[in-house]
Amino acid sequence: MAPDKYLQSIRDLSKKIEIYKMMRRETEEALNHIKASIPSDDRVQRSRTGGLDTKIIRNMEKLEEIDSWISAANTKQLSRKNDALQKIEALKEGQCKQFLLDYYIAGKSEKQIAREYHFSNFDSVYGLKTRALKYFRKEYSNC
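Residues numbered from 1 in each chain as written. Predicted model: local features only at pLDDT ≥ 70, side-chain atom pairs only at ≥ 80, totals over all residues. Heavy atoms only, no water.

**Digging into the overall build of the chain**
Stage number 1. Each helix and strand counted, the chain has five helices and zero strands in total.
Stage number 2. In sequence order, the secondary structure elements of the chain are arranged as α-α-α-α-α.
Stage number 3. For 143 residues, the compact-globule estimate of 2.2 N^0.38 gives 15 Å, and the chain exceeds it by more than 25% at 23 Å.
Stage number 4. The principal-axis extent of the C-alpha atoms belonging to the chain is close to 70 × 35 × 20 Å.
Stage number 5. Expressed as a percentage of the 143 residues in the chain, the buried residues total 32%.
Stage number 6. Once local pairs closer than 6 in sequence are excluded, the contacts in the chain between residues at least 24 apart make up 67%.
Stage number 7. Of the roughly 9,500 Å² of accessible surface on the chain, 50% is carried by carbon and sulfur atoms.
Stage number 8. Here the chain contributes 28 positively and 21 negatively charged side chains, and the mean placements of these two sets differ by 4 Å. (Helix = DSSP H or I, 4+ residues; strand = E, 2+ residues; numbered from the N terminus. Rg over C-alpha atoms; globule rule 2.2 N^0.38 Å. Buried < 20%, exposed > 50% of the residue type's maximum accessible area, 1.4 Å probe, protein only. Contact = heavy atoms within 4.5 Å. Areas by Shrake-Rupley, 256 points an atom, 1.4 Å probe, with all protein chains shown as cover. Lys, Arg positive; Asp, Glu negative; His and termini not counted. Charge placed at Lys NZ, Arg CZ, Asp CG, Glu CD.)

Take a look at the structure:
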């Protein structure tokens with residue numbers, strides 16, 4: 001994988017994990033809503049729940065599937081992030097190194113970086129990103 005795509009995959013995986021966490025919260029909310037709609041009277045016949053127990057089982061299975069995916073993605077991301085961190089830490093100190101740490105490892109946005117680096121416009125951030133990736137690519141062409 002090309003070095004710039006390798007670093008971008010760390011950010012992309014973070015976004016996917018956040019999406020799956022959001023899906024998990026939504027599924028939990030739906031499950032709680034279904035559970036709340038079940039009458040609490042123990043004498044209510046099972047047939048009167050109208051298939052709610054099937055919906056509960058389906059949502060529980062969905063939660064397990066999402067949890068499994070999140071766990072696997074977290075493990076993969078941690079491994080990639082650790083590997084990239086070691087490579088970036090080995091680079092000489094400078095703005096390019098700091099950008100790589102802030103953008104790819106810490107997950108900061110270009111807007112945050114522009115503010116923190118006191119850049120007057122986004123062109124400066126994009127130029128720094130280009131230089132940082134070129135520098136990383138030169139040092140680690142076989143990530």
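**What about helix 5 (residues 122-139)?**
Stage number 1. Counted at 1.5 Å a residue, the expected span for helix 5 with its 18 residues is 26 Å, and the 26 Å between its end C-alpha atoms agrees.
Stage number 2. All of the buried residues in helix 5 are Val125, Leu128, Lys129, Ala132, Leu133, Tyr135 and Phe136. Taken down its axis, helix 5 places every buried residue within 160° of arc, on the same side. Of the residues in helix 5, the exposed ones pointing more than 90 degrees away from the buried face are Asp123, Lys134 and Lys138.
Stage number 3. In this fold, the buried residues of helix 5 make contact with helix 1 (3-37), helix 2 (52-89), helix 3 (95-105) and helix 4 (110-116).
Stage number 4. The backbone nitrogen of Asp123 lies 3.1 Å from a side-chain oxygen of the residue at the head of helix 5, namely Asn121. (Expected span 1.5 Å × (residues − 1). Arc of directions from axis to C-beta. Polar contact = N/O pair within 3.5 Å; in protein donor to acceptor, adjacent residues only side chain to side chain.)

**Topic: the nonpolar core**
Stage number 1. In this structure, Leu7, Ile88, Leu91, Phe99, Leu100, Tyr104 and Phe136 are the most contacted members of the largest nonpolar core, which totals 23 residues.
Stage number 2. Secondary-structure elements contributing two or more residues to this core are helix 1, helix 2, helix 3, helix 4 and helix 5.
Stage number 3. Excluding residues within four positions of it along the chain, Leu7 makes contact with Ala84, Ile88, Leu100, Tyr104, Leu133 and Phe136.
Stage number 4. Membership of the second largest hydrophobic core comes to five residues, among which are Leu31, Ile34, Leu52 and Ile56. (Core = buried A, V, L, I, M, F, W, Y, C linked by side-chain atoms within 4.5 Å.)

**Description of the packing of aromatic side chains**
Stage number 1. Enumeration according to the criterion identifies seven aromatic pairs in this entry.
Stage number 2. Centre to centre, the rings of Tyr117 and Phe119 are 5.7 Å apart; their planes meet at 70°, and the pair counts as edge-to-face.
Stage number 3. Counting every residue linked through ring pairs, the aromatic cluster contains Phe99, Tyr103 and Tyr104.
Stage number 4. Its guanidinium or amino end placed over the ring of Tyr103, Arg11 lies 3.7 Å from that ring's centre, counting from NZ or CZ.
Stage number 5. Its end group placed over the ring of Tyr140, Lys87 keeps NZ or CZ at 5.8 Å from the ring centre. (Phe/Tyr/Trp six-rings, centres within 6.5 Å; stacked < 30°, edge-to-face > 60°. Lys NZ or Arg CZ within 6 Å of the ring centre and 35° of its normal.)

**A short note on unusual backbone geometry**
Stage number 1. One non-glycine residue with positive phi stands out, namely His118, at about 60°.
Stage number 2. Locating His118 in the fold gives a position in the loop between helix 4 and helix 5.

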